Amino acid sequence: MMKILLRIIVATFLLPLVSCSEKEYLNVIPRESVAVISVDAQRLSTLGNSGIDNALKSLLGVDNTEGCGVDFSSKIYLFETPDGALGLVARVESADEMTEWLSELSVSGKCTVPEEHLGNMFVTIGNSWFAGYSDEALVLVGPVSAMQRAETRQRLQKMFRQTEEQGVRETQIFKRLELLDAPIAFVSRLSALPEKMSLPFALFTPKEADASQIILSATVDKEGELMVIRGETMSFNEKINSKLQENNKVLRPITKEFFGKLSPDCIGSMFMNVEGERLLKLMQQSKEMQPLLVGVNTSIDMDNILRAINGDMVLYFSSLEGDFDFIANLKNKDFLADVGYWKTSCPAGSSITNAGKDAYLYTNGGMVYSFAVDTDNHFISSLRHNKASTAVTASAPKPLPKEIAGKIEGSTLAMLIDLGNIDDETVGNIVKSLFGGASKILYIKE
């Protein structure tokens, strides 16, 4: 009986210490991080031929991570700092194994020979990544130029000395991340996202707020052949958050009306159902959207076109340069009465010409924008840069797969990304590695 009591007492005092020790590696994540991603390697491994180790293979250009010294049973974290630096943090299982593994890689020129400095080890991986590791944590950061390596080493040394209070663990971003339960979860300020990626979320930003005050939090999981992201936007500022949630009410449930008109070569699609008048008001108050509206309104009154929209709308991006196709339900086509005026007011070097019944082409140098209203009262348009075009309707549409359509219908905002149509093989391969070859990413607003 006494032995049982003794074990209970020991467990009561030692378990919190063990738990604390297991999380000490998190102290190195910078407190000022504007985005943090958690990756549960064990849960990912249950999804089949996938996992963070496969993603690391793609990232580092190696064939095998066995014996690399990383503890894949603990979560791996990625972060971004305000200066745009990207980092990865992992718990070290064996620093000696890591040194041996990296030393072997150095023979083939994939990295430098690990060097000790003030008790920690440092190594350059490839041409852009710099890593440091201690007995507890591995930190991989980049991109880092040759001239930045000494400064980066000092920065990592400082990160290794951080306490829990000095690191990210006591921040609002990390505490929210800890509430999310999924193989991959992330919390990011909108200001940390690439500009084009943040625009759909910036639509709903209150005019008194900026992108750094809007938080996107999401869980990521594999459902069938899809990588599904379920997310929401919020703000840690109560007044801004209240107005943000009010702005989100402009979104209505998406119907399946345009599910049979998917552009076959697009890299991304965005689905919404809105009343155009209300959407335009949000766009006009958004700091991120205002410059875009000013640009498109130079020759064509997009404000009046947006006011005429009522119902489902789909935007298809066919290139990273901004080429797109667009289709939307209209409540009227009154704006067509103004096309004659638009023709006479085009800036020098541009023109609007007829291209059929209720169909027009706007050209400006190598840029061609076509727009039309079809017999079903749909507004159809496309934008192409540096390409000759005479088409005013979407080319050879294909239906949305049932698995995807079922998830989008009834949601209020959805975005679909086709990794197979993205030219950047490095990004595509890393993402596919994480999720066992999933070729599409679907974002659903919660």
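Before reading on, note that the structure itself is shown above.
To keep things clear, this report deals only with the structure shown in the data block. (Residues numbered from 1 in each chain as written. Predicted model: local features only at pLDDT ≥ 70, side-chain atom pairs only at ≥ 80, totals over all residues. Heavy atoms only, no water.)

1. Some points on the overall build of the protein
A count of helical and extended segments in the protein gives 14 helices and 19 strands. A burial count over the protein gives 49% of its 446 residues as buried. Put simply, 63% of the contacts in the protein that link residues at least 6 apart link residues at least 24 apart. Approximately 21,900 Å² of the protein is accessible, and the part contributed by carbon and sulfur atoms is 53%. (Helix = DSSP H or I, 4+ residues; strand = E, 2+ residues; numbered from the N terminus. Buried < 20%, exposed > 50% of the residue type's maximum accessible area, 1.4 Å probe, protein only. Contact = heavy atoms within 4.5 Å. Areas by Shrake-Rupley, 256 points an atom, 1.4 Å probe, with all protein chains shown as cover.)

2. Considering the layout of surface pockets
Quantified by volume, the second largest pocket comes out at close to 260 Å³. Around the second largest pocket, the lining comprises 16 residues; the ones closest to its centre are Asp83, Ala85, Val144, Thr152 and Arg155. Of all elements in the fold, only strand S3 (86-91), strand S7 (137-142) and helix H5 (149-160) reach the threshold of two or more residues within the lining of the second largest pocket. For the lining of the second largest pocket, the element with the most residues is H5, which contributes 4 residues. Grouping the amino acids of the lining of the second largest pocket by side-chain chemistry returns 7 nonpolar, 6 polar and 3 charged. (1 Å grid on protein atoms, 1.4 Å probe; cavity = no way out; pocket = protein on both sides within 12 Å on 5 of 7 lines; lining within 4 Å. Points joined across faces, edges and corners; volume = space filled by probe spheres on them. Nonpolar A, V, L, I, M, F, W, Y, C, P; charged D, E, K, R; others polar.)

3. Some remarks on the side chain of Arg169
Tracing the chain through its elements places Arg169 in the loop between H5 and helix H6 (172-178). Here Asn27 takes part through its side chain, which lies 3.0 Å from a polar atom of the side chain of Arg169. The residues touching Arg169, leaving out its near neighbours within four places in the chain, are Lys23, Glu24, Leu26, Asn27, Glu164, Phe174 and Lys175. (Polar contact = N/O pair within 3.5 Å; in protein donor to acceptor, adjacent residues only side chain to side chain.)

4. So, the pattern of salt bridges
Scanning the entire structure with this criterion turns up 14 salt bridges. Residues Glu246 and Lys249 are paired through a salt bridge, measuring 3.2 Å at the closest nitrogen-oxygen approach. You can call Lys249 exposed: its relative accessible area is 52%. One salt bridge connects Glu277 with Arg307, and the closest N-O pair in it is separated by 3.7 Å. Within this pair, whereas Glu277 is found in helix H9 (residues 276-285), its partner Arg307 is found in helix H11 (residues 302-307), the two being separated by 30 residues in sequence. (Salt bridge = Lys/Arg side-chain N within 4 Å of Asp/Glu carboxyl O.)

5. Details of a negative patch on the surface
A surface patch of negative charge is lined by Glu24, Glu93, Asp96, Glu97, Glu100, Glu104, Asp135 and Glu136. You can see Glu93 is positioned in the loop between S3 and helix H4 (95-107). (Patch = residues over 30% accessible without salt bridge, like charges linked within 9 Å, V, L, I, M, F, W, Y side chains within 5 Å. Lys, Arg positive; Asp, Glu negative; His and termini not counted. Charge placed at Lys NZ, Arg CZ, Asp CG, Glu CD.)

6. Some remarks on the pairing of strand S8 (residues 184-189)
Taking burial as the measure, the 6 residues of S8 include 5 buried ones, the bulk of the element. Alignment of S8 against strand S9 (residues 215-223), held across 6 bridges, turns out to be antiparallel. Within S9, the position partnered with Arg189 by the bridge is Ile215. (Pairing = 2+ DSSP bridges.)

7. Describing unusual backbone geometry
The step from Gly142 to Pro143 runs through a cis peptide bond, and the omega angle for that step is -5°. Along the chain, the position of Pro143 falls in the loop between S7 and H5. Although it is not a glycine, Leu118 adopts a positive phi angle of roughly 50°. With relative accessibility at 65%, the residue Leu118 sits in the exposed group. Unusually for a residue other than glycine, Asp358 sits at a positive phi of about 55°. Mapped onto the fold, Asp358 is located in the loop between strand S14 (350-354) and strand S15 (359-364). When its relative accessible area of 17% is taken as the criterion, Asp358 is described as buried.

8. Things to note about the nonpolar core
Membership of the largest hydrophobic core comes to 78 residues, with the highest contact counts inside it found for Leu102, Phe204, Met272, Ile300, Phe335 and Tyr369. Ranked by residue count, the leading element in this core is H4, at 5 residues. Residue contacts for Phe204: discarding those within four places in its chain leaves Leu244, Asn247, Asn248, Val250, Leu251, Met272, Leu282 and Leu413. With 26 residues, the next largest nonpolar core counts Val139, Phe160, Ala185 and Met234 among its residues. (Core = buried A, V, L, I, M, F, W, Y, C linked by side-chain atoms within 4.5 Å.)

9. A few points about the packing of aromatic side chains
The geometry of an aromatic ring pair is captured by the separation of the ring centres together with the interplanar angle, meaning the angle of the planes. Enumeration over the complete set of coordinates arrives at 12 aromatic pairs. Ring centres of Phe122 and Phe160 lie 6.5 Å apart, and the angle between their planes is 65°; on these two criteria the pair is classed as edge-to-face. One end of the pair, Phe122, is in strand S5 (residues 120-125); the other, Phe160, is in helix H5, and 38 residues separate them in sequence. Residue classification places Phe122 among the buried residues on the basis of a relative accessible area of 5%. (Phe/Tyr/Trp six-rings, centres within 6.5 Å; stacked < 30°, edge-to-face > 60°.)

10. What to know about the pairing of S14
Relative to S15, S14 is paired through 5 bridges, and the arrangement is antiparallel. Following the sheet pairing, Thr353 is matched in S15 by Leu361.

11. Digging into the environment of Ala182
When you line up the elements, Ala182 lands in the loop between H6 and S8. Residues Ala182 and Asp221, 39 residues apart in the sequence, show an inter-C-alpha distance of 6.4 Å.

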